[in-house]
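Below, each chain spelled out in residue letters.
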Amino acid sequence: MASPFKGKDRLFTVGIVILSAAGILYFGAQAVIDRMRTNQKNPYAYDLSAFEQASPDSVSYSEAQRIPIQSGRLAGLAIDTDGFVYVSGDDRILKLDARGNMIDTFPVGETVYCLALDGQSRMYLGMGDHVEVFDQRGKLVTRWESLGQRAIVTSVAVSDSIVYLADAGQLRVWKFTTSGALLGTVGQRDETRGIPGFVIPSPYFDVAVDADGTLWAANTGRHSLENYTRSGALKTSWGEYATQIEGFCGCCNPSHFAMMTDGAFVTSEKGIPRVKVYNRQGQFVTVVAGPNQFRPGTTGLDLAVDSSGRIYVLDAAEKAVRVFSKRQSTPKGGER
Amino acid sequence: MEENAPVTRRRFIQTGLNTLASFSLVGLSGYLIGRSSKQELVWQLDPNLCVQCEKCSTDCVLPESAVKAVHSTSMCGYCDLCSGYLEAGARSRDTGAENQLCPTGAIMRTFVENPYFEYQVDEKLCIGCGKCVKGCGAFGNGSLYLQVRHDRCLNCNECAIARVCPAQAYRRVPANQPYLLRGDEGRAFGNAE
C-alpha cells in the first residue's frame, strides 16, 4: 500500500512535530525555572531577625496584666500620684484604675498626642502645636498659645512648678510655668555652653523629670538621654548606638522613656520594638519586654511607671496598656 | 390578521439582524464616546501599600527593572546613622562597602554638617530591590520608597510585577500624573498623603 504522504510532505510534518516538541520543552523549562526562581529565598531581604531576639536570661519582667483600650488611635500614657492611669485616644482622655476599670472619659475635642499630670491631677495635653490644660474633672482650664507652625509637641513633663514641652519640629524643649508663662527653652545647640543640640529625625522626642525635678530629654538622633539643670546647662548624658540589646538601635531611639522611683530609666524603642531598664548611671540592667513580645513594626510604645515599680506600656498595635512587673528572680548582674 | 400571522423564517432572520445591528451601533457609539473621554492610564506603585518584597527587581519584563528607589528630601531626617544606607549591624558609619545596605551601592551619602548627611539615589545603579526602603521604613520616616519610572516603563497591558505583587500595590494612574510621591514633593504634585 502506498504511503499517504509524499517525501516532502512527510519532511514538513516531521519538522512541525519537532518544532512543536522543542517549543513545549523550552516553555516548560522556562515555567519550571520561573517557579524555582520565585521559590528562592529573597536575596535582597532586609533581615533583622538576628537582633530581634532577647536572651531569656536577660528578661526579668513578665506581663502581669493587659488592659484592652477601646479607641481608634492610642498615643499617650500617664499615671497620676494616686495610681490612676490616663490614656489619650482619638479626641478623648480615658481614665482607668490600676485594675483597668474605666473610671471616666473626658472628651477634649482634638487628638491628644501626649499628656502629663501635676500633683493636683491637672492634665497637660499636647495637641500638635499647643497645649491645653484640663482639671481632674475634665473641664478645660486654659489653652496655651501655639508654639509656631513647625511645632510638634511630642511629650510633656511636669515638675513642681515647671512644665517642659518637647518640640520635635523645632528641636527644643520649651519651659513654662504651670500657669502657662514662658520661661525659656532648653537644649538648643550652643557650642559655648557645650550643648550639642537635639537631633530628632522622626517625631519621637520624649522628656521626663527625675526625683530632683531636673529635666531629662531623649536626644534620639544621638541615641542618648541628656540631663539639664534648671538653668538649662547640660549636666550629663548617657546612651550609645547598638543594634544589640544593650544599646539603642536604628536612626533615632529611644522613642520613649520614663523614670523609675529609684532614678533608673525604662526605655522603649521603635524599629526593633523592645522595652529595657537602665540604671541611674545609664548601664543596661534588664529587658522588660523583648521584640518577640510585640507585633513587627510596632511603634509609639509610651511608658509610665507606678509607685510600686510596675511598668505600663502603651501598645497601640495591640490596642492595650500592658503592665509588666518584676519576676522574683533577678537575672545575672541585674541589680540596680 | 397580520398580528397573528405566523413568523416566517425570513422575517425572523430579518428582525434578528435589525436588532443585532441596532445593538452594535449603540455599543460602538458608547465605546467610541468612552474611549474619547477616557484618560490614558499608566502603572504606578502605591508606596503606602508596598511591602518591599523584591519582586519589583526580579519580575519586570525589562532586564533592568523600571522600578527605582526615590527619595523625599523633605521627609528625610538626614541622619548620620541612616538605616536605609547602613546595614543594621554596621561596624562603622562610613561609606565602606561592608557597611552599606544597598547591594549595588546605589545610595550616595554626602556630609552636610555635624551630624547631618544628605542621601541621594543613583538611578543607574538602583535595581529596585527595596532593601533601602525597608531599612528606612523600619526605623526612620519612610523617605525612601519605590516608584515605577515612566522614562523606562513599557506600560504593558498586564504589568508583570503587578501580577505577582503580594500587596496589590500596583494600580493604574492618569498618565498626566504618573507618580505617587511623598512629602513636599507629593503635595506639590497633588498626591494626598
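Going by the structure above, here's the rest.
The shown structure was predicted, so the numbers you read here are calculated from the model rather than taken from an experiment. (Residues numbered from 1 in each chain as written. Chains lettered and ligands numbered in written order. Predicted model: local features only at pLDDT ≥ 70, side-chain atom pairs only at ≥ 80, totals over all residues.)

### Brief notes about the overall build of chain A
At step 1: For chain A, the count of helices and strands is 1 helix and 24 strands.
At step 2: Expected size for 336 residues packed as a compact globule is a radius of gyration near 20 Å; at 29 Å, chain A overshoots this value by more than 25%.
At step 3: In terms of overall dimensions, chain A has a C-alpha envelope of 115 × 50 × 50 Å along the principal axes.
At step 4: The buried share of chain A, taken over its 336 residues, is 40%.
At step 5: For chain A, contacts bridging at least 24 residues in sequence account for 46% of all contacts bridging at least 6. (Helix = DSSP H or I, 4+ residues; strand = E, 2+ residues; numbered from the N terminus. Rg over C-alpha atoms; globule rule 2.2 N^0.38 Å. Buried ≥ 20, exposed ≤ 12 C-beta atoms within 10 Å, placed from the backbone. Contact = placed C-beta atoms within 7 Å.)

### A few points about the overall build of chain B
At step 1: Tallying secondary structure elements over chain B gives 5 helices and 6 strands in all.
At step 2: Tracing chain B from N to C terminus, the helices and strands come up as α-β-α-β-β-β-α-β-α-β-α.
At step 3: With the C-alpha coordinates aligned to their principal axes, the bounding extent of chain B is approximately 100 × 30 × 25 Å.
At step 4: In chain B, which comprises 193 residues, the proportion classed as buried is 36%.

### Overview of the sheet that holds strand 5 (residues 102-107) of chain A
Residues and elements named next belong to chain A.
At step 1: The 4 strands are arranged 2-3-4-5 in an open sheet whose pairing can be described as antiparallel. Looking at which strands have only one partner, the edges of the open sheet turn out to be strand 2 (74-79) and strand 5. Here the average twist between neighbouring strands, direction ignored, is 20°.
At step 2: As paired elements, strand 3 (residues 85-89) and strand 4 (residues 92-96) share 5 bridges and run antiparallel to each other. The residue of strand 4 that forms the bridge with Val 85 is Leu 96. (Pairing = 2+ DSSP bridges. Axes fitted to C-alpha atoms, helices over the stretch in contact; angles between N-to-C directions.)

### Remarks on the environment of Leu 45 of chain B
At step 1: With respect to the helices, strands and loops of the structure, Leu 45 of chain B is situated in strand 1 (residues 41-45).
At step 2: Separated by 125 residues in the primary sequence, Leu 45 of chain B and Tyr 170 of chain B place their C-alpha atoms 4.5 Å from one another.

### Details of the nonpolar core
At step 1: Core analysis: the largest hydrophobic core is formed by 128 residues, its most contacted members being Leu 115, Val 156, Leu 165, Leu 303 and Tyr 312 of chain A.
At step 2: Contacts of Leu 165 of chain A, omitting those with residues within four sequence positions, involve Gly 126, Val 131, Val 153, Val 156, Val 173, Trp 174 and Phe 176 of chain A. (Core = buried A, V, L, I, M, F, W, Y, C linked by C-beta atoms within 7 Å.)

### Considerations on the interface of chain B and chain A
At step 1: Taken together, the contacts link 20 residues of chain B with 16 residues of chain A.
At step 2: Ranked by the residues each element gives to the side of chain B that touches chain A, the list is headed by helix 3 (residues 131-139) of chain B, at 5 residues.
At step 3: When grouped by side-chain class, the residues that make up the side of chain B that touches chain A number 9 nonpolar, 8 polar and 3 charged. (Nonpolar A, V, L, I, M, F, W, Y, C, P; charged D, E, K, R; others polar.)

### Re the sheet that holds strand 16 (residues 224-228) of chain A
Residue and element names in this part refer to chain A.
At step 1: Judged by pairing direction, the sheet is antiparallel, and its 4 strands sit side by side in the order 14-15-16-17 without closing on themselves. The outermost strands of the open sheet, each flanked by one partner alone, are strand 14 (207-209) and strand 17 (234-238). With strand direction ignored, the average angle separating the axes of adjacent strands in the sheet is 25°.
At step 2: Sheet analysis places strand 15 (residues 215-219) next to strand 16, joined by 5 bridges and oriented antiparallel. Along strand 16, the bridge assignment pairs Asn 219 with Ser 224.

### Let's talk about unusual backbone geometry
At step 1: The amide bond that connects Asn 253 of chain A to the next residue, Pro 254 of chain A, takes the cis arrangement and shows omega of 0°.
At step 2: The residue Pro 254 of chain A is located in the loop between strand 17 and strand 18 (256-259) in this model.
At step 3: Across the junction of Asn 114 of chain B and Pro 115 of chain B, the peptide omega takes the value 0°, indicating a cis bond.
At step 4: Here Pro 115 of chain B shows up in the loop between strand 3 (107-113) and strand 4 (116-121).
At step 5: Here the phi dihedral of Ser 121 of chain A falls at roughly 60°; this positive angle occurs in a residue that is not glycine.
At step 6: Examined against the element boundaries, Ser 121 of chain A turns out to sit in the loop between strand 6 (114-117) and strand 7 (123-127).

### Here's the deal with the environment of Leu 41 of chain B
Residue and element names in this part refer to chain B.
At step 1: Assignment of secondary structure puts Leu 41 in strand 1.
At step 2: In this structure Leu 41 comes out as partly exposed when scored by C-beta crowding, with 13 C-beta atoms within 10 Å.
At step 3: If sequence neighbours within four positions are ignored, Leu 41 has contacts with Arg 172, Val 173, Pro 174 and Ala 175.

### Observations regarding the pairing of strand 5 (residues 144-148) of chain B
Both faces of the sheet carry side chains from a regular strand, because those side chains alternate between them.
Residue and element names in this part refer to chain B.
At step 1: By the criterion of burial, strand 5 is predominantly enclosed, with 5 of the 5 residues buried.
At step 2: Side chains Leu 144, Leu 146 and Val 148 of strand 5 all project onto a buried face; the interleaved residues Tyr 145 and Gln 147 project onto the opposite face, where all are buried too.
At step 3: Here strand 2 (residues 67-71) runs beside strand 5; their pairing, made up of 5 bridges, is antiparallel. Bridging from a neighbouring strand, Val 70 pairs with Tyr 145 of strand 5.

### Side note on the environment of Ala 54 of chain A
Residue and element names in this part refer to chain A.
At step 1: When you line up the elements, Ala 54 lands in the loop between helix 1 (7-38) and strand 1 (61-68).
At step 2: Each C-alpha atom of the pair Ala 54 and Trp 144 lies 43 Å from the other, and the pair is 90 residues apart in sequence.
At step 3: Filtering out sequence-adjacent residues up to four positions away, Ala 54 remains in contact with Val 59, Ile 245, Arg 274, Val 287, Gly 290 and Pro 291.

### Considerations on the pairing of strand 7 of chain A
Residues and elements named next belong to chain A.
At step 1: Strand 7 sits mainly inside the fold: 5 of its 5 residues count as buried.
At step 2: Side chains Met 123, Leu 125 and Met 127 project from strand 7 onto one buried face, and the interleaved Tyr 124 and Gly 126 project onto a second face that is buried too.
At step 3: One ladder, built from 4 bridges, connects strand 6 with strand 7; its direction is antiparallel. Paired with Ala 116 across the bridge in strand 7 is Tyr 124.
At step 4: Linkage of strand 6 to strand 7, two consecutive antiparallel strands, is achieved through a turn of 5 residues, within which Ser 121 is found at a positive phi near 60°.
At step 5: In this sheet, strand 8 (residues 130-134) lies alongside strand 7 in antiparallel orientation, the contact comprising 5 bridges. Bridging across to strand 8, Met 127 finds its partner in His 130.

Such coordinate-based values are descriptive only and should not be taken to indicate function.
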